[in-house]
Amino acid sequence: MREMAFLPALLALAAAAWAQPEQPDSTASPAQDAQTFESMFEAVCVTDAPNDDGGALEVSWTLSGSASPPDSIRILATPEGGEEFEAGWVLPGTDLFSLSGLEDGVPCSITLEAWAGGSPVSRSDAASATPSAQWFHSRRIGMFVITVLLAAVIFWYINRGKSGRPLFIREIAGLSAVDDAVGRATEMGRPVLYIPGIMDMDDIQTIASMVILGRVAAKTAEYGANLLVPNTRSVVMSVAQEVVKESYLQAGRPDAYRRENINYLTDDQFGYAAGVDGIMVRQRPAAIFLLGTFYAESLILAETGKSVGAIQIAGTAMPSQLPFFIAACDYTLIGEELFAASAYLSREPKLLGSLKGQDVAKLVIMLIIVIGVLASTAGTWWEPANRVADLLRFLTHVE
Amino acid sequence: MRLVLPLIVTFICGMLMILQFFIPHRPFSLLGEELSDWYMIVASAAIFLGVVNLVQVHLMKISQRAKNWQYSPVVLLGFFVMTAAGAVWGVEEGRPFDYMFQNMVVPMGATMFSLLAFFVASAAFRAFRSSNWRATLLLLSAFIVMLGRVPIGDMIWRLFPGAASGAHPNLVSEVAEWLMQVPNMAGQRAVMIGAALGVVATSLRMIFGIERSYLGGAE
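Residues numbered from 1 in each chain as written. Chains lettered and ligands numbered in written order. Predicted model: local features only at pLDDT ≥ 70, side-chain atom pairs only at ≥ 80, totals over all residues. Heavy atoms only, no water.

Topic: the pattern of salt bridges
Side chains that carry opposite charge are capable of pairing whenever their charged atoms lie near each other. Residue and element names in this part refer to chain A. Rules: By convention in these notes, a salt bridge is any Lys or Arg side-chain nitrogen within 4 Å of a carboxyl oxygen on Asp or Glu. Working definition: helices are DSSP H or I runs of at least four residues, strands are E runs of at least two. Numbering for both runs from the N terminus. For each residue, the accessible area found with a 1.4 Å probe, counting protein chains only, is set against the maximum for its type, and the residue is called buried under 20%, exposed over 50%, and partly exposed in between.
Taken as a whole and judged by the stated rule, the model has 15 salt bridges over all chains. Between Glu113 and Arg74 there is a salt bridge; the shortest N-O distance is 3.1 Å. With Glu113 in strand β6 (residues 108–116) and Arg74 in strand β3 (residues 72–79), this pair connects stretches of sequence that are 39 residues apart. According to the relative accessible area criterion, Glu113 is buried, its value standing at 8%. With a closest N to O distance of 3.3 Å, Asp179 and Lys219 form a salt bridge. Of this pair, Asp179 sits in helix α4 (residues 178–188) while Lys219 sits in helix α5 (residues 204–223), placing them 40 residues apart in sequence. Each of the salt bridges in this network shares a partner with another, and the network as a whole consists of Arg74, Glu84, Glu86, Glu113 and Arg123.

Concerning the environment of A:Gly197
Put simply, the rule is: When checking whether two residues touch, look at their non-hydrogen atoms; a contact exists if any pair is within 4.5 Å.
Summarising the element assignment, A:Gly197 is placed in the loop between β9 (192–195) and α5. With residues near it in sequence (within four places) discarded, A:Gly197 still touches A:Thr232, A:Tyr272, A:Leu291, A:Gly292, A:Thr293 and A:Phe294.

What about the interface of chain B and chain A?
Counted only if it meets this: For this analysis, a polar contact is any N or O atom pair within 3.5 Å, provided that within protein one partner can donate a hydrogen and the other can accept it, and provided that sequence-adjacent residues contribute only side-chain to side-chain pairs.
Contacts between the two partners involve 59 residues from chain B and, on the opposite side, 71 residues from chain A. For the interface between chain B and chain A, the tally reads three salt bridges. We note a salt bridge from B:Arg126 to A:Glu303, for which the minimum N-O separation is 2.3 Å. There are 14 residue pairs in polar contact (both at pLDDT 80 or more) connecting chain B and chain A. When contributions to the side of chain B that touches chain A are tallied by element, the ones reaching two or more residues are α1 (4–22), α2 (28–63), α4 (96–129) and α7 (171–207) of chain B. If you tally residues by element for the side of chain B that touches chain A, the top one is α7(B), at 16 residues.

Focus: the pairing of β9(A)
Residues and elements named next belong to chain A. Formally: In short, DSSP must find at least two bridges between two strands for them to pair.
Of the two faces of β9, the one lined by Val192 and Tyr194 and the one lined by Leu193 and Ile195 are each fully buried. Both β9 and strand β10 (residues 227–231) contribute to a ladder of two bridges, which runs parallel. Each residue of the ladder has a partner; that of Val192, found in β10, is Leu227. One ladder, built from four bridges, connects β9 with strand β12 (residues 287–291); its direction is parallel. Looking at β12, one finds that Tyr194 is bridged to Phe289.

Some thoughts on α7(B)
Residue and element names in this part refer to chain B. Applied cut-off: To estimate the expected span of a helix, count its residues, drop one, and scale the result by 1.5 Å. A residue's bend is the angle separating two fitted axes: one through the seven residues that end there, the other through the seven that start there.
For α7, with 37 residues, the first-to-last C-alpha span of 52 Å sits near the 54 Å given by 1.5 Å per residue. Most pronounced at Met185, the bend in α7 amounts to some 40°. Gly209 sits one or two positions beyond α7 and adopts a positive phi of about 70°.

A few points about the sheet that holds strand β14 (residues 331–334) of chain A
Residues and elements named next belong to chain A. The line we're drawing: To get an axis, fit a line to the C-alpha atoms, keeping to the stretch in contact for a helix; angles then go from 0 to 180 degrees between the N-to-C directions.
One open sheet accounts for six strands, arranged β11-β10-β9-β12-β13-β14; its pairing is parallel. A strand with exactly one partner marks an edge of an open sheet, and here the two such strands are β11 (262–264) and β14. Between one strand and the next, the sheet's axes are offset by a mean angle of 15°, whatever the strand orientation.

Regarding empty space enclosed by the protein
Residues and elements named next belong to chain A. Counted only if it meets this: Only protein atoms enter the calculation, which uses a 1 Å grid: trapped sets of points that fit a 1.4 Å probe without letting it out are cavities, open sets showing protein on both sides within 12 Å along at least five of seven lines are pockets, and any residue with an atom within 4 Å of a point is a lining residue. Grid points are joined across faces, edges and corners, and a volume is the space filled by probe spheres set on the points.
Applying the stated criterion across every chain yields a total of three cavities of 30 Å³ or more. A volume near 100 Å³ is recorded for the largest cavity. Along the walls of the largest cavity sit Ile169, Arg170, Ile172, Glu336, Glu337, Ala340, Leu355, Gln358 and Asp359, which together make up its complete lining. Of all the elements in the fold, those that place two or more residues in the lining of the largest cavity are α10 (336–346) and α11 (349–378).

Considerations on the sheet that holds strand β5 (residues 96–99) of chain A
Residues and elements named next belong to chain A. Strands sit in the order β1-β2-β5 across an open sheet of three strands; the sheet is antiparallel. The open sheet terminates on both sides in strands that have one partner only, identified here as β1 (41–48) and β5. Put simply, the sheet's adjacent strands are angled 15° from each other on average, direction ignored.

Quick word on the pairing of strand β7 (residues 119–123) of chain A
Residue and element names in this part refer to chain A. Of the pairings in the sheet, the one linking β6 to β7 comprises four bridges and is antiparallel in character. Across the sheet, residue Glu113 finds its bridge partner in β7, namely Arg123. Following β6, the chain reverses through two residues before pairing antiparallel with β7; Gly117 in that reversal takes a positive phi of roughly 60°.

Thoughts on the confidence of the model for chain A
To keep things clear, this is the line we draw: On a scale of 0 to 100, pLDDT captures the predictor's confidence in every residue.
Here chain A shows a mean pLDDT of 87. Residues at 70 or above account for 90%. For residues 21–37 of chain A, every residue scores under 50 in pLDDT, and the model assigns this stretch 31 contacts once sequence neighbours within four places are set aside.

Some thoughts on the packing of helix α7 (residues 269–283) of chain A against helix α8 (residues 297–307) of chain A
All names here are of chain A. Rules: Angles below 35 degrees are treated as roughly parallel, those above 145 as roughly antiparallel, those between 65 and 115 as roughly perpendicular, and all remaining angles as oblique.
Taken N-terminus to C-terminus, the directions of α7 and α8 make an angle of 5°; their axes are 10 Å apart at the nearest point. If you check the angle between α7 and α8, you find them roughly parallel. For the pair α7 and α8, the contacting residues are Gln269, Phe270, Ala273, Val276, Asp277, Met280 and Val281 in the first and Glu297, Ile300, Leu301, Thr304 and Gly305 in the second.

As for the environment of B:Phe119
Of note, B:Phe119 is situated in helix α4. Setting aside anything within four residues of it in sequence, one finds B:Phe119 in contact with A:Leu299, A:Ile300, A:Glu303 and A:Thr304.

Looking at the packing of α11(A) against α7(B)
For clarity, the cut-off: Crossings are assigned a handedness: left-handed for a near helix turned anticlockwise from the far helix by less than a right angle, right-handed for a clockwise turn. Throughout this entry, Asp, Glu, Lys and Arg are counted as charged residues, while Ala, Val, Leu, Ile, Met, Phe, Trp, Tyr, Cys and Pro are counted as nonpolar. The remaining residues, Gly among them, count as polar.
Between α11(A) and α7(B), the shortest axis-to-axis distance is 10 Å and the interhelical angle comes to 140°. Both α11(A) and α7(B) take part in a crossing whose hand is right-handed. Residues A:Leu351, A:Ser354, A:Leu355, A:Gln358, A:Ala361, A:Lys362, A:Ile365 and A:Ile369 of α11(A) lie in contact with α7(B), whose contacting residues are B:Ile193, B:Leu197, B:Gly198, B:Ala201 and B:Arg205. Looking at the contact of α11(A) with α7(B) residue by residue, the classes come out as eight nonpolar, three polar and two charged.

So this is what it looks like as structure tokens:
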């Protein structure tokens, strides 16, 4: 556990960040609190925009309760050593304005002008602040700590896996059935149909699906089964072609690779569903893999696959589509199992280690949830528990 | 080098995307958008790969008189007619491309979508038919949710003596809402948390080159 000795320091950093109060901008000066017709602005506050890449200020104000509201408010900005310019107009009821396009490190003073009946009726005192860029997003410290913690746990178990220590991984029925499905297709002399979902390569589920495709293609190459991969995105098609080609090369069967079997159908969701249904009905695949991101077409595909008598292995992290797959497919990989498939199928110690780390991370998150619920509940009568709940809220909050 | 270069590119891009999430300062703030723009450019260019593949595959089927080749001329005809209509007259409203899209492509898509109703019925029938307590529980929950989502559910409940004047005159819809918001939501969130962890683990494996099967699985 020596590798994880930095974790307490990280937690201390998160706790320190959580305990630190928000610092108001020191250069902002509120306007005078005069209840006169000329000054209907009670307080004008200008601050540097937080957690940005610079050049921006935030202006907030309150109007005097006794003054009648103006028709609109004009925001005027004057950078140090520069000319005054109009930054924008806002309607009454607004009390926040973001001003961008300023120069970092140059103080800028802001004046508000209330307009009514087509002419200015009141002008606030100037308040100024200096725009600057931040090097760390203060609202994401909790997320940073959690990311580092998860990564540390996963890497620790990867090292354990590499060192050759045995790791227990629970059986995932859907993945254990991959060999059987491909073997069945080979024996029946019918093709294997692999559907990588309907999203593009920037979707993590499609990436996970491509990783599994490599393993399935290695099996089809080994068994001599015909592999069909219809695609709904050109980039996915190109990647799938390369993945399958490499798997066939690795399996020593480059002659069995058929580029035309990994083809593009259409980008249209239901056009793709119709095309794949046509392939199922005409070619009657013996094994169908539905792995990736699916939407409304999931049940159309899975039910058609069921009707042609194929053994079906589905997997997605889309919670709304999982019930359809569970109802219509023989095996379903639920959420995280889709991402575990590659490691499970390869049985490589390093990948299995990452799987184990993922499970431990899940345990940590379950503990955080339980502690958070208990602390929040106990906080209603015991104040210190509230502070624990607040710390956990800070850690898990993402802006 | 064939393997090292993609691994280096993956590592650099992955780390930059992680850094830009935590560092708002330039140049990191611009990297996310820049890389997304690059992806869009690559994806746009790759459309031609898809088009070329589509035409090649179907021309090959026709020339080889492969099984079911009769469908290929229909695909090619549709593709070239739509392309020509868009290229010659434009894709604005009222033009031939738009006419064909609105009156052929959209209805065909709607037809496929409408099939979903029948598939839901057949899948639900199969799921509820199983004779175990979980299937019975599922059937019961589904029955309550379906009744609770339509006005007749509460109307039936209010026919019971004292139900209309009781504390819960809309009991069926309240139970349906509870089923959706509590057990169903808890299950969905559990799936999402697990999936999020899977995403983190998969991303780390790929960024640090531990997962290489997408490159052919070579060491």
